[in-house]
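Chain residues, written in single-letter form:
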Amino acid sequence: MTPSGIVDCLFLDAQAYEAASFNFESHHFSSLAKHLGTGRMQLLITDVTKTEVKKRVTRNVEIECAALTKNQKSSRVLRTSPLASALLSQLDPTVIADSICQTFEAFLDEYGATVIAATAENAASIFERYFNVEPPFGTGDKRKEFPDAFVAAALCRWSEDHGVELFVVSQDELFGKAFAKTKSIHVVADLTALLDHIASDNEKLADFVREEINDHLDEIKKAAIAAFQDLGFHVEDEWGEATVTVTRLEIDGKPEIVEIAGTEATVELQMTAHYEAELSYEDSDTGIWDSEEGEKLFMEEVNETVEGEHDLVVSVHATFDGVDSDVFEISHTELTDPPSGFGIATSKNAGYPWK
């Protein structure tokens, strides 16, 4: 790592782009863009990674469009609305995927990403890793990690040739181990960890912000609970309503600083919400099928309480003036994940499909 702690170069694996839902306006990418725009960091990508990102875009769009089409067919209200039916029928996975890929290319162009030709790497050393089962190769499906092997070799060579520090953002453990012998490359799990590292250049200020966040946890948790409960939930696979009440909120790990700019800071917290859900629904296992109406009638009304838990990502925005605790304030707290409510399974369907 450079003495100043400044990140010279940055590489994101395809999963890192996917984890952000390919949303280059998200708060993580917006914070990253500020550093790229000032020249603080140089973005790297390989030809192999560009191809993989685009394939992941296409795969995700196809899956989500198929899910929307399936839900449309089973929706009682939406299918009766010409407006909703028209909008859903216009979903073209190819057009949508192409649009997202164009945004991806525009992001790379705007910030002058350097494209490294991983496909031009000498295959001899890569096959040596393969036969010796060295990272990124492993057992089972990991035995086939040739794309990762070419990417890792290209990044190692590039970092050594240019004499720069390189941060690799990846949650793939074996891929990360492929850089173990290259001292100029540092692997971090995600963009949050990278941004936290950058913000820690001023160690005293970073420590102060983390301490203040911990001191304000009760306030933050209260806001996070309210935001989660207000998301809007529904009964999964049944026609009904769900009301969620958080019974316990746990903090997972330490506060991660996404950005410190002037007298403002953005901090991310990982949490686990334990909740009770009050469900009210018509039980589809009961009732009589009406062939004329094409639906079941006279279904029994069920009211029950189920328990569950869900991982949360909470973004906290704060203002301060130096390291004075008296003027440190939480300006607002928002729930960044999950972005919306979700279906909650009834007790009879809990754990489906069963194994």
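Structure shown above.
Basis of the calculations
Residues numbered from 1 in each chain as written. Predicted model: local features only at pLDDT ≥ 70, side-chain atom pairs only at ≥ 80, totals over all residues. Heavy atoms only, no water. Helix = DSSP H or I, 4+ residues; strand = E, 2+ residues; numbered from the N terminus. Buried < 20%, exposed > 50% of the residue type's maximum accessible area, 1.4 Å probe, protein only. Contact = heavy atoms within 4.5 Å. Areas by Shrake-Rupley, 256 points an atom, 1.4 Å probe, with all protein chains shown as cover. Salt bridge = Lys/Arg side-chain N within 4 Å of Asp/Glu carboxyl O. Pairing = 2+ DSSP bridges. Expected span 1.5 Å × (residues − 1). Arc of directions from axis to C-beta. Polar contact = N/O pair within 3.5 Å; in protein donor to acceptor, adjacent residues only side chain to side chain. Axes fitted to C-alpha atoms, helices over the stretch in contact; angles between N-to-C directions. Parallel < 35°, antiparallel > 145°, perpendicular 65-115°, else oblique. Left-handed = near helix turned anticlockwise from the far one by under 90°. Nonpolar A, V, L, I, M, F, W, Y, C, P; charged D, E, K, R; others polar. Core = buried A, V, L, I, M, F, W, Y, C linked by side-chain atoms within 4.5 Å.

A closer look at the overall build of the chain
For the chain, the helix and strand inventory stands at eleven helices and 13 strands. Residue burial in the chain is summarised as follows: out of 355 residues, 41% are buried. Considering only intrachain contacts with a sequence separation of at least 6, the fraction spanning at least 24 residues in the chain is 70%. Carbon and sulfur atoms form 50% of the exposed surface of the chain, whose accessible area is close to 19200 Å².

Details of unusual backbone geometry
Along the chain, Pro-135 connects to Pro-136 via a cis peptide bond; the corresponding omega equals 10°. Position of Pro-136 among the secondary structure elements: in the loop between α6 (123–131) and α7 (146–162). The residue after Asp-337, namely Pro-338, is reached through a cis peptide bond having omega 5°. Here Pro-338 lies in the loop between β12 (329–337) and β13 (343–344). Positive phi is not limited to glycine here, since Ser-21 has a value of about 60°. Relative to the helices and strands, Ser-21 is located in the loop between α1 (14–19) and α2 (27–37). Given a relative accessible area of 56%, Ser-21 falls into the exposed group. Residue Phe-22 is not a glycine yet carries a positive backbone phi of 55°.

Here we look at the side chain of Glu-145
Looking at the secondary structure, you find Glu-145 in the loop between α6 and α7. Overall, the relative accessible area of 17% leaves Glu-145 in the buried class. Sequence-distant contacts of Glu-145, that is, excluding residues within four places in its chain, are made with Pro-136 and Phe-137.

Observations concerning the pattern of salt bridges
Throughout the structure, instances matching the rule amount to twelve salt bridges. The shortest N-O distance in the salt bridge between Arg-59 and Glu-18 comes to 3.5 Å. Placement of Arg-59 in helix α3 (residues 47–74) and of Glu-18 in helix α1 is noted, with a sequence separation of 41 residues between them. Of the charged contacts in the structure, one is a salt bridge between Arg-56 and Glu-52, with a shortest N-O distance of 2.9 Å. Separated by four residues within a single helix, Arg-56 and Glu-52 lie in helix α3, roughly one turn from each other. Taking relative accessible area as the criterion, Glu-52 reaches 28% and is therefore assigned partly exposed.

Focus: the sheet that holds β13
Pairing between the strands of a sheet comes from backbone hydrogen bonds, and it takes one of two forms, parallel or antiparallel. Overall, mixed pairing links the six strands, which are arranged β12-β11-β8-β7-β6-β13 in an open sheet. The open sheet terminates on both sides in strands that have one partner only, identified here as β12 and β13. When strand β8 (residues 264–282) meets strand β11 (residues 301–319), the two strands line up antiparallel, connected through 19 bridges. By the bridge assignment for β11, Ala-265 is matched with Ala-318.

Points about helix α5 (residues 93–110)
Between the first and last C-alpha of α5 there are 26 Å, a value that for 18 residues agrees with the 26 Å anticipated at 1.5 Å per step. Those residues of α5 that fall on the buried side of the exposure criterion are Ala-97, Cys-101, Phe-104, Phe-107 and Leu-108. Looking straight down α5, one finds that the buried residues subtend no more than 110° of arc, so they occupy a single side. Exposed and facing more than 90 degrees away from the buried side of α5 are Val-95, Gln-102, Asp-109 and Glu-110. Near the N-terminus of α5, the side chain that reaches the backbone nitrogen of Thr-94, with its oxygen 3.0 Å away, is that of Asp-92. Within two residues after α5, Gly-112 carries a phi angle of roughly 55°, on the positive side.

A closer look at the packing of α6 against α7
Where α6 meets α7, the closest approach of the two axes is 10 Å, and the angle between their N-to-C directions is 125°. In this view, α6 runs oblique relative to α7, as classed from their interaxial angle. Once α6 is placed against α7, the crossing between them reads as right-handed. Contacts from Ala-123, Ile-126, Phe-127 and Tyr-130 in α6 reach Phe-146, Ala-149, Phe-150 and Ala-153 in α7. Grouping the amino acids of the contact of α6 with α7 by side-chain chemistry returns eight nonpolar, no polar and no charged.

Quick look at the nonpolar core
Counting 38 residues, the largest nonpolar core has Ile-213, Phe-228 and Ile-344 as the members making the most contacts within it. At the level of secondary structure, the elements contributing two or more residues to this core comprise α10 (203–215), α11 (217–229), β6 (233–235), β7 (239–261), β8, β11 and β12. Counting residues per element, this core draws most heavily on β8, which supplies nine residues. Apart from residues lying up to four places away in sequence, Ile-344 is in contact with Phe-233, His-234, Val-235, Glu-236, Val-244, Tyr-275, Ala-277, Leu-279 and Val-306. Listed in part, the 32 residues of the second largest apolar core include Leu-10, Val-53, Cys-65 and Ile-198.

What to know about the packing of α2 against helix α9 (residues 191–199)
Relative to each other, α2 and α9 sit at 40°, their axes nearing to 10 Å. If you check the angle between α2 and α9, you find them oblique. α9 is crossed by α2, and the crossing has left-handed handedness. Taken together, the residues of α9 that come into contact with α2 (itself represented by His-28, Phe-29, Ser-31, Leu-32 and His-35) are Leu-191, Thr-192, Leu-194, Leu-195 and Ile-198. When grouped by side-chain class, the residues that make up the contact of α2 with α9 number six nonpolar, four polar and no charged.

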